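Spelled out from the first residue to the last, the chains are:
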Amino acid sequence: MQTTLRTAVSFSGVGLHTGAAVRMTINPASAGTGIRFRRTDVATDGTGRDPIVPALWDAVAPSKLCTLIENAEGIGVSTIEHVMAALSGCGIHNALIDIDGPEVPILDGSAVPFVTGMINAGQRQLQAPLIAIEVLDTVEVREGEAVARLEPADTLEIDFCIDFADAAIGHQEKHLRMANGAFIRELSDSRTFCRKSDVEMMRANGLALGGTYENAVVVEGDRILSPGGLRHADEAVRHKMLDAVGDLALAGGPILGRYVGSRAGHAMTNRLLRALFARPEAWRLVECRGARRRILPGANVHRSDIPAVA
(Lines give C-alpha, C1' and ligand atoms only; values in the text may rest on other atoms or scores of the structure.)
Protein backbone atom coordinates (compact mmCIF):
# COMPACT_ATOMS: atom_id res chain seq x y z
CA MET A 1 0.00 0.00 0.00
CA GLN A 2 0.96 3.63 -0.44
CA THR A 3 2.02 5.65 2.60
CA THR A 4 2.17 9.20 3.89
CA LEU A 5 3.36 10.85 7.09
CA ARG A 6 1.22 10.56 10.20
CA THR A 7 1.84 14.20 11.16
CA ALA A 8 3.51 17.21 9.54
CA VAL A 9 7.19 17.93 10.19
CA SER A 10 8.95 21.29 9.72
CA PHE A 11 12.53 22.37 9.01
CA SER A 12 14.23 25.77 8.99
CA GLY A 13 17.60 26.74 7.59
CA VAL A 14 19.31 28.44 4.68
CA GLY A 15 19.60 27.47 1.04
CA LEU A 16 23.02 26.18 0.03
CA HIS A 17 23.23 28.35 -3.08
CA THR A 18 21.00 31.34 -2.25
CA GLY A 19 22.04 31.68 1.38
CA ALA A 20 18.45 32.80 2.08
CA ALA A 21 16.53 31.70 5.18
CA VAL A 22 13.72 29.26 4.37
CA ARG A 23 11.08 27.32 6.27
CA MET A 24 9.73 24.05 4.90
CA THR A 25 6.92 21.80 6.19
CA ILE A 26 6.29 18.28 4.90
CA ASN A 27 2.58 17.58 5.23
CA PRO A 28 0.63 14.31 4.97
CA ALA A 29 -1.19 13.88 1.66
CA SER A 30 -3.81 11.55 0.23
CA ALA A 31 -3.14 8.52 -1.96
CA GLY A 32 -2.20 9.37 -5.53
CA THR A 33 -0.84 12.81 -4.64
CA GLY A 34 2.78 11.80 -5.07
CA ILE A 35 5.36 14.33 -3.90
CA ARG A 36 4.48 17.95 -4.60
CA PHE A 37 6.03 21.22 -3.45
CA ARG A 38 3.89 24.29 -2.75
CA ARG A 39 5.65 27.66 -2.83
CA THR A 40 3.76 29.48 -0.05
CA ASP A 41 5.44 32.80 -0.92
CA VAL A 42 4.01 32.53 -4.44
CA ALA A 43 0.57 31.45 -3.21
CA THR A 44 0.25 34.70 -1.25
CA ASP A 45 1.97 37.20 -3.57
CA GLY A 46 -1.23 38.21 -5.36
CA THR A 47 -0.01 37.34 -8.85
CA GLY A 48 -2.27 34.31 -9.29
CA ARG A 49 0.64 32.12 -10.39
CA ASP A 50 0.44 28.38 -9.77
CA PRO A 51 2.44 27.63 -6.58
CA ILE A 52 2.40 23.82 -7.02
CA VAL A 53 5.54 22.17 -8.41
CA PRO A 54 5.38 18.38 -8.99
CA ALA A 55 8.47 16.41 -8.00
CA LEU A 56 8.73 14.48 -11.27
CA TRP A 57 11.47 13.73 -13.78
CA ASP A 58 9.85 15.74 -16.58
CA ALA A 59 9.67 18.85 -14.36
CA VAL A 60 13.47 18.99 -13.96
CA ALA A 61 15.03 22.14 -15.44
CA PRO A 62 18.71 22.80 -16.25
CA SER A 63 20.64 23.84 -13.15
CA LYS A 64 24.19 23.92 -11.84
CA LEU A 65 25.24 21.61 -9.02
CA CYS A 66 21.75 20.65 -7.80
CA THR A 67 18.36 19.38 -8.94
CA LEU A 68 15.80 22.05 -9.84
CA ILE A 69 12.15 21.41 -10.68
CA GLU A 70 9.79 23.93 -12.26
CA ASN A 71 6.11 24.02 -13.16
CA ALA A 72 4.65 25.31 -16.43
CA GLU A 73 4.71 28.90 -15.14
CA GLY A 74 8.39 28.79 -14.26
CA ILE A 75 7.87 28.54 -10.49
CA GLY A 76 10.67 26.38 -9.15
CA VAL A 77 12.25 24.70 -6.16
CA SER A 78 15.93 23.80 -6.16
CA THR A 79 18.30 21.53 -4.22
CA ILE A 80 15.51 19.01 -3.69
CA GLU A 81 17.71 15.91 -3.92
CA HIS A 82 18.35 15.37 -0.19
CA VAL A 83 14.73 15.63 0.92
CA MET A 84 13.65 13.47 -2.04
CA ALA A 85 16.22 10.84 -1.01
CA ALA A 86 14.88 10.93 2.56
CA LEU A 87 11.28 10.50 1.37
CA SER A 88 12.31 7.52 -0.77
CA GLY A 89 14.50 6.01 1.94
CA CYS A 90 11.73 6.35 4.52
CA GLY A 91 9.12 4.88 2.17
CA ILE A 92 6.91 8.00 1.99
CA HIS A 93 5.01 8.04 -1.32
CA ASN A 94 2.66 11.00 -0.82
CA ALA A 95 3.44 14.42 0.67
CA LEU A 96 2.67 18.08 0.11
CA ILE A 97 5.74 20.14 0.95
CA ASP A 98 5.13 23.79 1.84
CA ILE A 99 8.18 25.97 1.32
CA ASP A 100 8.44 29.77 1.57
CA GLY A 101 11.33 30.22 -0.84
CA PRO A 102 12.96 28.81 -3.98
CA GLU A 103 15.48 26.45 -2.34
CA VAL A 104 15.24 23.56 0.14
CA PRO A 105 17.28 24.23 3.31
CA ILE A 106 20.66 22.51 3.27
CA LEU A 107 20.68 21.81 7.06
CA ASP A 108 23.83 19.75 7.75
CA GLY A 109 24.45 18.87 4.08
CA SER A 110 23.08 15.35 4.38
CA ALA A 111 19.62 13.75 4.47
CA VAL A 112 19.71 12.62 8.10
CA PRO A 113 17.83 15.63 9.57
CA PHE A 114 14.97 14.97 7.11
CA VAL A 115 15.03 11.24 7.88
CA THR A 116 14.95 11.87 11.64
CA GLY A 117 12.01 14.24 11.30
CA MET A 118 10.04 11.84 9.10
CA ILE A 119 10.61 8.80 11.31
CA ASN A 120 9.64 10.78 14.41
CA ALA A 121 6.49 11.98 12.61
CA GLY A 122 5.49 8.40 11.87
CA GLN A 123 4.06 6.70 8.82
CA ARG A 124 0.42 6.10 7.87
CA GLN A 125 -0.69 3.49 5.36
CA LEU A 126 -3.22 4.50 2.73
CA GLN A 127 -5.82 2.25 1.12
CA ALA A 128 -4.30 2.35 -2.36
CA PRO A 129 -1.92 -0.03 -4.16
CA LEU A 130 1.73 0.92 -4.46
CA ILE A 131 2.83 0.91 -8.11
CA ALA A 132 6.53 0.56 -8.88
CA ILE A 133 8.57 0.97 -12.08
CA GLU A 134 10.27 -2.30 -13.01
CA VAL A 135 13.29 -2.00 -15.30
CA LEU A 136 13.08 -4.69 -17.99
CA ASP A 137 16.07 -3.82 -20.18
CA THR A 138 19.36 -1.97 -19.74
CA VAL A 139 19.26 1.76 -20.47
CA GLU A 140 22.45 3.85 -20.47
CA VAL A 141 23.59 7.43 -21.04
CA ARG A 142 27.16 8.68 -21.40
CA GLU A 143 28.95 11.99 -21.38
CA GLY A 144 32.71 11.83 -21.82
CA GLU A 145 33.99 9.51 -19.10
CA ALA A 146 30.75 9.75 -17.12
CA VAL A 147 28.22 6.90 -17.31
CA ALA A 148 24.79 6.31 -15.79
CA ARG A 149 22.92 3.05 -16.37
CA LEU A 150 19.78 1.24 -15.21
CA GLU A 151 19.67 -2.55 -15.31
CA PRO A 152 16.99 -5.08 -14.27
CA ALA A 153 16.96 -6.04 -10.56
CA ASP A 154 14.28 -7.11 -8.09
CA THR A 155 14.65 -3.96 -5.95
CA LEU A 156 16.64 -0.74 -6.03
CA GLU A 157 20.40 -1.22 -6.01
CA ILE A 158 23.02 1.54 -6.30
CA ASP A 159 26.52 0.94 -7.65
CA PHE A 160 28.68 4.08 -7.81
CA CYS A 161 32.32 5.01 -8.32
CA ILE A 162 34.09 8.38 -8.30
CA ASP A 163 37.61 9.57 -9.09
CA PHE A 164 39.06 12.84 -7.84
CA ALA A 165 42.63 14.09 -8.06
CA ASP A 166 42.49 15.28 -4.45
CA ALA A 167 44.00 12.59 -2.22
CA ALA A 168 41.39 13.31 0.45
CA ILE A 169 38.81 11.79 -1.95
CA GLY A 170 40.69 9.84 -4.64
CA HIS A 171 39.02 6.73 -6.05
CA GLN A 172 35.99 5.43 -4.17
CA GLU A 173 33.37 2.86 -5.09
CA LYS A 174 30.47 1.24 -3.28
CA HIS A 175 27.52 -1.04 -3.98
CA LEU A 176 24.39 -1.26 -1.85
CA ARG A 177 21.09 -3.09 -2.10
CA MET A 178 18.68 -0.43 -0.91
CA ALA A 179 16.35 -2.71 1.09
CA ASN A 180 15.05 -2.62 4.65
CA GLY A 181 16.58 0.61 5.91
CA ALA A 182 19.93 0.39 4.09
CA PHE A 183 19.55 3.97 2.86
CA ILE A 184 19.04 5.29 6.38
CA ARG A 185 21.84 3.27 7.96
CA GLU A 186 24.46 3.54 5.21
CA LEU A 187 23.85 6.77 3.26
CA SER A 188 21.57 9.25 5.00
CA ASP A 189 24.25 10.98 7.12
CA SER A 190 26.76 11.49 4.28
CA ARG A 191 27.25 15.17 3.46
CA THR A 192 27.74 17.05 0.24
CA PHE A 193 31.40 17.65 -0.52
CA CYS A 194 33.57 19.98 -2.58
CA ARG A 195 37.10 21.22 -3.04
CA LYS A 196 38.13 24.54 -1.52
CA SER A 197 38.96 25.88 -4.99
CA ASP A 198 35.43 24.96 -6.13
CA VAL A 199 33.91 26.90 -3.22
CA GLU A 200 35.86 30.01 -4.18
CA MET A 201 34.83 29.65 -7.83
CA MET A 202 31.16 29.06 -6.97
CA ARG A 203 30.98 32.08 -4.70
CA ALA A 204 32.59 34.22 -7.38
CA ASN A 205 29.69 33.13 -9.61
CA GLY A 206 26.97 33.79 -7.03
CA LEU A 207 26.59 30.16 -5.91
CA ALA A 208 27.12 28.34 -2.59
CA LEU A 209 26.29 31.53 -0.68
CA GLY A 210 24.88 29.46 2.18
CA GLY A 211 27.68 26.92 2.20
CA THR A 212 29.88 26.58 5.28
CA TYR A 213 32.41 24.10 6.64
CA GLU A 214 29.55 22.85 8.86
CA ASN A 215 27.15 21.84 6.05
CA ALA A 216 29.65 20.48 3.54
CA VAL A 217 32.83 18.44 3.57
CA VAL A 218 35.49 20.77 2.15
CA VAL A 219 38.79 19.26 1.02
CA GLU A 220 42.09 20.63 -0.22
CA GLY A 221 44.59 18.13 -1.55
CA ASP A 222 44.96 15.48 1.13
CA ARG A 223 43.35 17.57 3.89
CA ILE A 224 39.80 17.59 5.23
CA LEU A 225 39.11 21.21 6.18
CA SER A 226 35.70 20.71 7.78
CA PRO A 227 35.72 20.46 11.61
CA GLY A 228 35.37 16.93 12.91
CA GLY A 229 36.61 15.32 9.70
CA LEU A 230 34.64 12.62 7.89
CA ARG A 231 31.65 10.64 9.07
CA HIS A 232 32.78 7.75 6.83
CA ALA A 233 36.12 7.13 5.14
CA ASP A 234 34.17 6.90 1.87
CA GLU A 235 31.66 9.66 2.69
CA ALA A 236 32.07 11.24 -0.76
CA VAL A 237 30.86 8.23 -2.76
CA ARG A 238 28.13 7.58 -0.21
CA HIS A 239 26.86 11.11 -0.77
CA LYS A 240 26.86 10.61 -4.53
CA MET A 241 24.73 7.51 -3.94
CA LEU A 242 22.42 9.54 -1.70
CA ASP A 243 22.01 12.10 -4.50
CA ALA A 244 21.23 9.31 -6.96
CA VAL A 245 18.49 7.93 -4.68
CA GLY A 246 16.94 11.40 -4.52
CA ASP A 247 17.13 12.01 -8.25
CA LEU A 248 15.70 8.55 -9.05
CA ALA A 249 12.78 9.30 -6.70
CA LEU A 250 11.59 11.75 -9.38
CA ALA A 251 10.52 8.71 -11.44
CA GLY A 252 7.13 8.98 -9.74
CA GLY A 253 7.27 5.62 -7.99
CA PRO A 254 9.82 3.19 -6.53
CA ILE A 255 12.30 1.87 -9.11
CA LEU A 256 12.98 -1.85 -9.26
CA GLY A 257 16.37 -1.83 -10.93
CA ARG A 258 20.11 -1.44 -10.47
CA TYR A 259 21.54 2.05 -10.96
CA VAL A 260 25.21 2.13 -12.00
CA GLY A 261 26.94 5.50 -11.89
CA SER A 262 30.50 6.42 -12.75
CA ARG A 263 31.34 10.11 -12.39
CA ALA A 264 27.64 10.78 -12.87
CA GLY A 265 25.69 13.68 -11.38
CA HIS A 266 22.21 15.17 -11.13
CA ALA A 267 21.81 16.11 -14.79
CA MET A 268 22.98 12.70 -16.00
CA THR A 269 20.60 10.82 -13.71
CA ASN A 270 17.73 12.89 -15.07
CA ARG A 271 18.88 12.17 -18.63
CA LEU A 272 18.82 8.48 -17.69
CA LEU A 273 15.22 8.67 -16.48
CA ARG A 274 14.22 10.47 -19.68
CA ALA A 275 15.96 7.75 -21.71
CA LEU A 276 14.17 5.04 -19.72
CA PHE A 277 10.69 6.51 -20.18
CA ALA A 278 11.38 7.13 -23.88
CA ARG A 279 11.58 3.34 -24.29
CA PRO A 280 8.23 1.80 -23.26
CA GLU A 281 9.60 -1.69 -23.85
CA ALA A 282 12.35 -1.12 -21.24
CA TRP A 283 10.01 -0.78 -18.24
CA ARG A 284 6.60 -1.64 -16.90
CA LEU A 285 4.37 -0.70 -13.97
CA VAL A 286 3.91 -3.41 -11.35
CA GLU A 287 1.99 -3.54 -8.10
CA CYS A 288 4.19 -4.00 -5.03
CA ARG A 289 2.81 -6.33 -2.42
CA GLY A 290 3.92 -9.28 -0.34
CA ALA A 291 7.60 -10.17 -0.60
CA ARG A 292 8.29 -7.49 -3.20
CA ARG A 293 6.85 -4.76 -0.96
CA ARG A 294 8.95 -5.91 1.99
CA ILE A 295 12.30 -5.30 0.23
CA LEU A 296 11.68 -1.73 -0.93
CA PRO A 297 14.00 0.98 0.45
CA GLY A 298 11.46 2.34 2.95
CA ALA A 299 10.11 -0.98 4.23
CA ASN A 300 10.73 -2.03 7.83
CA VAL A 301 12.60 1.11 8.86
CA HIS A 302 13.02 1.93 12.54
CA ARG A 303 14.27 4.80 14.65
CA SER A 304 17.26 2.62 15.56
CA ASP A 305 18.37 2.74 11.89
CA ILE A 306 19.16 6.47 12.16
CA PRO A 307 22.94 7.00 12.38
CA ALA A 308 24.33 8.89 15.35
CA VAL A 309 26.07 12.06 14.13
CA ALA A 310 28.09 14.57 16.10
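As a convention, each chain's residues are numbered from 1 in the sequence order in which they are written. At least 70 in pLDDT is required for a residue's local features to be given in this predicted model, at least 80 for side-chain atom pairs to be given and counted, and no such filter applies to totals for whole chains, interfaces and linings, which use all residues. Hydrogens and waters are ignored; side-chain quantities use all the structure's heavy atoms.

## Some words on the overall build of the chain
Secondary structure follows DSSP: runs of H or I at least 4 residues long count as helices, runs of E at least 2 residues long count as strands, and numbering of each begins at the N terminus. Regarding its fold elements, the chain presents eight helices and 20 strands. Only C-alpha atoms enter the radius of gyration; for comparison, a globular chain is expected to reach 2.2 Å times N to the power 0.38, where N is the number of residues. Over its C-alpha atoms the chain spans a radius of gyration of 18 Å, differing by no more than 12% from the 19 Å that the globule rule assigns to 310 residues. Across its three principal axes, the chain shows a C-alpha extent of roughly 50 × 45 × 40 Å. Scored against the burial criterion, the 310 residues of the chain give a buried share of 56%. Surface exposure here means Shrake-Rupley accessible area, sampled with a 1.4 Å probe, where a residue is shielded only by the protein chains that are shown. For the chain, the accessible surface area stands at approximately 12,800 Å², while carbon and sulfur atoms represent 50% of it. Note on charges: Lys and Arg go in the positive column, Asp and Glu in the negative column, and His and the chain ends are not counted at all. Every charge is mapped onto a representative atom, which is NZ of Lys, CZ of Arg, CG of Asp or CD of Glu. For the chain, the separation between the mean place of its 32 positive charges and that of its 37 negative charges on side chains is 5 Å. Relative accessibility thresholds used throughout: buried, under 20% of the residue-type maximum; exposed, over 50%; partly exposed, between the two (1.4 Å probe, protein chains only).

## Re the sheet that holds strand 17 (residues 217-220)
Pairing between strands is defined by DSSP: at least two bridges between the two strands are required. Taken in spatial order, the three strands make up an open sheet running 16-17-18, and their pairing is mixed. The open sheet has two edge strands with one neighbour each: strand 16 (193-195) and strand 18 (223-224). In this structure, strand 16 lies alongside strand 17, joined through three bridges in parallel fashion. In the sheet register, Phe193 faces strand 17, and the bridge partner there is Val217.

## Considerations on the packing of helix 2 (residues 81-89) against helix 3 (residues 112-121)
A fitted line through C-alpha atoms serves as each axis, taken over the contacting stretch for helices, and the angle formed by two N-to-C directions is quoted from 0 to 180°. Taken N-terminus to C-terminus, the directions of helix 2 and helix 3 make an angle of 40 degrees; their axes are 9 Å apart at the nearest point. Classified by the angle their axes make, helix 2 and helix 3 are oblique. For the crossing formed where helix 2 meets helix 3, the hand is right-handed. Packed against helix 2, whose contacting residues are His82, Val83, Ala86 and Leu87, the element helix 3 presents Phe114, Val115 and Met118 at the interface. Each residue is assigned to one of three groups, with Ala, Val, Leu, Ile, Met, Phe, Trp, Tyr, Cys and Pro labelled nonpolar, Asp, Glu, Lys and Arg labelled charged, and all others, Gly among them, labelled polar. A breakdown of the residues in the contact of helix 2 with helix 3 according to their chemical character gives six nonpolar, one polar and no charged. For classification purposes, angles smaller than 35 degrees are called roughly parallel, those larger than 145 roughly antiparallel, those between 65 and 115 roughly perpendicular, and all remaining angles oblique. Helix crossings get a hand from a simple test, with the near helix turned counterclockwise from the far one by less than a right angle marking a left-handed crossing and a clockwise turn marking a right-handed one. We call two residues contacting when some pair of their heavy atoms lies within 4.5 Å.

## Examining the sheet that holds strand 3 (residues 21-28)
Each strand in a sheet pairs with its neighbour through backbone hydrogen bonds, running either in the same direction (parallel) or in the opposite one (antiparallel). In space, the five strands of this open sheet follow the order 2-3-9-4-5, with mixed pairing throughout. A single partner strand is all that each edge strand has here, and the edge strands are strand 2 (9-14) and strand 5 (52-54). Here the average twist between neighbouring strands, direction ignored, is 20 degrees. Sheet topology note: the strand 3/strand 9 (residues 95-99) ladder contains five bridges and is antiparallel. From the neighbouring strand, Ile26 faces strand 9, where its bridge partner is Ile97. Across the sheet, helix 3 is in contact with strand 2 and strand 3; its angle to strand 2 comes to roughly 165 degrees.

## Focus: the pattern of salt bridges
Note on definitions: salt bridges are taken to be side-chain nitrogens of Lys or Arg within 4 Å of carboxyl oxygens of Asp or Glu. Here the structure, examined in full by the defined rule, presents 27 salt bridges. A salt bridge links Arg292 to Glu134; the shortest N-O distance between them is 3.9 Å. Placement of Arg292 in helix 8 (residues 290-294) and of Glu134 in strand 11 (residues 130-135) is noted, with a sequence separation of 158 residues between them. Judged by its relative accessible area of 28%, Arg292 is partly exposed. Judged by relative accessible area, which is 13%, Glu134 ranks as buried. Asp305 is the partner of Arg185 in a salt bridge, and the nearest nitrogen-oxygen pair spans 3.3 Å. Taken together, the residues span a long stretch of sequence, with Arg185 in helix 4 (residues 182-187) and Asp305 in the segment after helix 8 at a distance of 120 residues. Linked by salt bridges that have partners in common, Glu140, Arg142, Arg149, Glu151, Asp154, Glu157, Asp159, Arg177 and Arg258 make up one network.

## Some points on the side chain of His239
Residue position: His239 is located in helix 6 (residues 235-248). Here His239 falls in the buried class, since its relative accessible area comes to 1%. Distance and chemistry together define a polar contact, namely a pair of N or O atoms within 3.5 Å, with one atom able to donate a hydrogen and the other to accept it when in protein, and with adjacent residues in sequence counting only for side-chain atoms on both sides. For His239, the side chain forms a polar contact with the main-chain nitrogen of Thr192, separated by 3.3 Å. If sequence neighbours within four positions are ignored, His239 has contacts with His82, Gly109, Ser190, Arg191, Thr192 and Phe193.

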